[in-house]
Amino acid sequence: MIVTKNWLNEWIDLGEVSTEQLLKTFNSIGLEVDRHDVIRVPNGVVIGYVEQCEKHPDADKLNVCQVNVGNEVRQIVCGASNVRAGIHIALATVGAELPGGLKIKEAKLRGVESHGMICSAKEIGLPSMGEGIMILDESIGTLILGKNLNEYSAFNDDVIEIELTANRGDCLSIHGIARDLRAALSRELREINYKEKLDGRLGIGRILQLHHADTFNTDLLFGAVDLKELHVPFVIALRLAIIDEAYTTAVDALLLYATQSTGVILRAYPFEKFGDPESKGVITLENDENGYAALYGKEKVSIIGVSQEKESHFSANEGLAVIEASYIAPDIIAKKMGEKKIPSCPHYYRSSRGSEPKIEMGIRYATVLFEKYSASQVYGGNIELTTSYEPRIISMCEEEFESFIGLKIDKTRITQIFKNLGMDIGKLKGSSFAISVPKFRHDIVNKQDIIEEVVRIVGIDNIPSKPLVFAEANQMSGDLAEYKKTRMYRHRAAQSGFYESVHFVFNERAQVEKFGFVCTESSKELLNPITATFDTLRPTLLVGLLNSASANVKVNQKKIALFEAGMVFDADRRESKRIGFIVSGSIESEKISNAGKPSAIDFAAFSKLIADVAGSFELLSHTPSHALAHPYVCAKVMINGEEAGELFRLHPSIEEEFDLAQTFMCELKTDCLPYGLIEAQPYSKYQASFRDLSILISKMVSYESIKTVIEKHRSVQVRRFYPVDRYVSETLGDQMSLTLRFVLQSEDKTLEDEDITMAMESILNGLRDELGVSLR
């Protein structure tokens, strides 16, 4: 949408508003400025009057003109085809510098002196207004010979192009933009006097009538003008050139200008399309063959809001013209075009986005132009067809405005904003507003739209920033959390070198029971298993992993590391989630660092792989309940004091049965694995000390017993401890040497030797008293 400041000033007083302030206001109210150009005609370009115009004695295409500039008459040689005596023109005097750097000098053209240049629009920095020189008239103001053009507002203007969103059809006119500025600047719109002169006029009812069986959701207004001596005034021609609107006739020009000014869609038809001079013309409104609301005379002349038949355009500059102003709701016409697309004219752009519904304003504005710039006779009255409109009412309370915006806005200020935006406020009850949405704002449908209007007028920069505060119920279900937890451990396993293996939740009952696992009770068993080998719900992941490892060995895989996360079922078909692991063969692939002979997996290496996935855990002595585990290489996995599963070497007989190398397996309960927000723990800024304690103790004493005693007698300075060496020999008999490393640290100070000695003696005395250990 292109506007000029002076054009806007005809609809709203911008006398004290600077261009910079105007541009800032546009951007703040959501009418984004895409381009700003300045029209400033250079000094030295003045108004002149061509008193004489004669052919150049030595050039067919040149004319010698005598131009009066007020204080003298200057001789100008001009080659424009439209130059003639009796017209006012723009004359660049000697010394004037035109856009592009052209400096006017005294010259001789084919032997005839020329003291200046008669200019076209482009030569003085204006948009092109057609071939030839500019011909001025009093639409720019009183023509004073010799006066600089830049002293007239038409040549001292700002052109502003505004980027509109598709829903703001109400701003596709100068009047619509001014309406928004009224709210932003708190200035009243200028009222244009449309009072009709009825004295001596023929009424339109004598020559025209409208037939219709329905309104077809359209508003129509018809007027009639007997056009004579119509011309396009300079200011209108200039403004149409600025907005890049082309026209072929003076009627087109004035209607385009009226539409751009008011936003009302206007068309002109020859009266002959509806009747003869001797008889009354008839306009018929009905649906056409495509279901569109169309106007008919002797034949179809137009489709409301979409197009006008080429033959029905008023192409002359004189004669009896029927002027139509129309409105149709944009959602209706856009929906119809979506259902049945037909050719359209430029007016469809406006109607599909929302043209101005005050059609009487548009037709009155147009008839004023016809009367002002011609000797035309306007017929009295109009033929009118309107559709009843029930405004949309949106109710809001004052607290809702504050809640949405985050700023308390005075009730009077809110009321004034709505009033200036053309919205009516119904009867107020307490702090409530009943806002009536006008017909031209079809884009406002809910409370959020109302809030947006207030925010853009108040200005987003005027609303202080506040931290976002909201309260919402946790929408995350337990299933989502469980899924994320499982996904995290699956990713950890993959990062630790395991490949994921996926199996059915079914196993072969005979095989599972052979290994000592308890299957589903017979009364709750599968009624229709998919195959004979999938005839029970799996009670463990281990059997499936074992079968997959065996399959990998058969294709000559030397390193096998698989995992699976999934459901298992107990005898009552209660399900629980587990994650299982199996590693068989080499601990790593063949490579240079191991000379092509990687070590076999062992208990310690397998435990470390499981720790990489599951995190910290403890291993306790354990007696397996099934036949898969080696009875002497088996441990219970404890996580945070809770039994989470088991870790073991596969029984050698089963390794041989499945043709596997040394193999280790682990199955953990997913519920026991840690998950959630990891909180940082405080740590001491003082240095930690390390002390080793080597003791002789019976081979029959488990590490769990040793740990229990140490936990009982440790001081707060002992942060952690762990075994670092175990030594047995014949000389030690039934005893073993065990070295434990202790980490000691204080929150309050650097520990001295005396503090460390006391802490270690407390632990050693406890071990002596309860387990009978001695120092090595």
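Residues numbered from 1 in each chain as written. Predicted model: local features only at pLDDT ≥ 70, side-chain atom pairs only at ≥ 80, totals over all residues. Heavy atoms only, no water.

Visitor: Could you give me a rundown of the overall build of the chain, with the residues and numbers involved?
Guide: Across its full length, the chain holds 18 helices and 36 strands. Relative to its length of 776 residues, the chain is extended, with a C-alpha radius of gyration of 47 Å against a globular reference of 28 Å. The buried share of the chain, reckoned over its 776 residues, is 47%. Considering only contacts within the chain whose residues lie at least 6 apart along the sequence, 68% involve residues at least 24 apart. Looking at the chain as shown, the accessible area adds up to about 39800 Å², and 48% of this sits on carbon and sulfur atoms. Within the chain, one finds 87 positive and 109 negative side-chain charges whose respective centroids are separated by 1 Å. (Helix = DSSP H or I, 4+ residues; strand = E, 2+ residues; numbered from the N terminus. Rg over C-alpha atoms; globule rule 2.2 N^0.38 Å. Buried < 20%, exposed > 50% of the residue type's maximum accessible area, 1.4 Å probe, protein only. Contact = heavy atoms within 4.5 Å. Areas by Shrake-Rupley, 256 points an atom, 1.4 Å probe, with all protein chains shown as cover. Lys, Arg positive; Asp, Glu negative; His and termini not counted. Charge placed at Lys NZ, Arg CZ, Asp CG, Glu CD.)

Visitor: I'd like a rundown of the sheet that holds strand E30 (residues 629-639), residues and numbers included.
Guide: Across the sheet, which stays open at both edges, the seven strands sit in the order E24-E27-E28-E32-E31-E30-E29 with mixed pairing between neighbours. Looking at the sheet topology across the chains shown, the edges are occupied by strand E24 (499-500) and strand E29 (618-621). When E30 meets strand E31 (residues 642-650), the two strands line up antiparallel, connected through seven bridges. Within E31, the residue paired with Cys 634 across the bridge is Phe 648. Docked against the sheet, helix H12 (residues 478-495) engages E24, strand E27 (559-569) and strand E28 (575-585), running at close to 165° with respect to E27. Docked against the sheet, helix H14 (residues 542-553) engages E27, E28, E31 and strand E32 (663-669), running at close to 155° with respect to E27. (Pairing = 2+ DSSP bridges. Axes fitted to C-alpha atoms, helices over the stretch in contact; angles between N-to-C directions.)

Visitor: Tell me what's going on with the packing of aromatic side chains, and back it up with residues and numbers.
Guide: What describes a pair of aromatic rings is the distance from one ring centre to the other and the angle between the planes of the rings. Inspection of every chain in the model, using the stated rule, returns 14 aromatic pairs. Through a chain of ring-to-ring contacts, the aromatic side chains of Trp 7, Trp 11, Tyr 257 and Tyr 365 assemble into a single cluster. One cation-aromatic arrangement involves Arg 179 over Phe 440; the distance from NZ or CZ to the ring centre is 3.7 Å. The residue whose ring lies beneath Lys 336 is Tyr 292, and the NZ or CZ to ring-centre distance is 5.9 Å. (Phe/Tyr/Trp six-rings, centres within 6.5 Å; stacked < 30°, edge-to-face > 60°. Lys NZ or Arg CZ within 6 Å of the ring centre and 35° of its normal.)

Visitor: Now, about the sheet that holds strand E5 (residues 73-78): what can you tell me, with residues and values included?
Guide: As summarised here, the arrangement of the five strands in space is E5-E4-E3-E6-E9, forming an open sheet in which the pairing is antiparallel. Every other strand in the sheet has two partners, leaving E5 and strand E9 (117-118) as the edge strands with one partner each. When strand E3 (residues 45-56) meets strand E6 (residues 88-92), the two strands line up antiparallel, connected through five bridges. From the neighbouring strand, Ile 47 faces E6, where its bridge partner is Ala 90.

Visitor: Run through empty space enclosed by the protein, naming residues and quoting values.
Guide: Think of a ball as big as a water molecule: rolled over the atoms, this probe shows where empty space is left. Considering all chains together, one arrives at one cavity of 30 Å³ or more under this definition. Here the largest cavity defines a volume of roughly 60 Å³. Every residue lining the largest cavity is listed: Gly 169, Asp 170, Leu 172, Ser 173, Arg 179, Thr 262, Gly 263, Arg 350, Gly 354, Ser 355, Glu 356 and Phe 440. Looking at side-chain class alone, the lining of the largest cavity contains two nonpolar, six polar and four charged residues. (1 Å grid on protein atoms, 1.4 Å probe; cavity = no way out; pocket = protein on both sides within 12 Å on 5 of 7 lines; lining within 4 Å. Points joined across faces, edges and corners; volume = space filled by probe spheres on them. Nonpolar A, V, L, I, M, F, W, Y, C, P; charged D, E, K, R; others polar.)

Visitor: Before we move on, could you go through the environment of Ser 715 and cite the residues and values that matter?
Guide: Summarising the element assignment, Ser 715 is placed in the loop between helix H17 (703-713) and strand E34 (718-727). Look at Ser 715 and you get partly exposed, because its relative accessible area is 24%. Spatially, the C-alpha atom of Ser 715 lies 113 Å from that of Gly 275, the residues being 440 residues apart in sequence. A distance of 3.0 Å separates a polar atom in the side chain of Ser 715 from a polar atom in the side chain of Gln 717. (Polar contact = N/O pair within 3.5 Å; in protein donor to acceptor, adjacent residues only side chain to side chain.)

Visitor: Now, about the nonpolar core: what can you tell me, with residues and values included?
Guide: Ranked by size, the top nonpolar core spans 106 residues in total, and within it Phe 26, Met 134, Leu 149, Phe 155, Ile 177, Phe 370 and Phe 401 carry the most contacts. In this structure Met 134 touches His 88, Ile 89, Ala 90, Cys 119, Ser 120, Ala 121, Ile 124, Leu 126, Met 129, Leu 149, Phe 155 and Phe 234, once residues within four positions along its chain are discounted. (Core = buried A, V, L, I, M, F, W, Y, C linked by side-chain atoms within 4.5 Å.)

Visitor: Give me the lowdown on the pairing of strand E4 (residues 59-68), citing residues and values where you can.
Guide: In this structure, E3 lies alongside E4, joined through seven bridges in antiparallel fashion. Its bridge partner lying in E4, Cys 53 is registered against Cys 65. Taking the residues that link successive antiparallel strands as the turn, the E3-E4 hairpin has two residues. As defined by bridge partners, E4 adjoins E5 across six bridges and the pair is classed as antiparallel. From the neighbouring strand, Asn 68 faces E5, where its bridge partner is Val 73. Counting the residues between successive antiparallel strands, the hairpin from E4 to E5 contains four residues, one of them, Gly 70, with a positive phi of roughly 100°.

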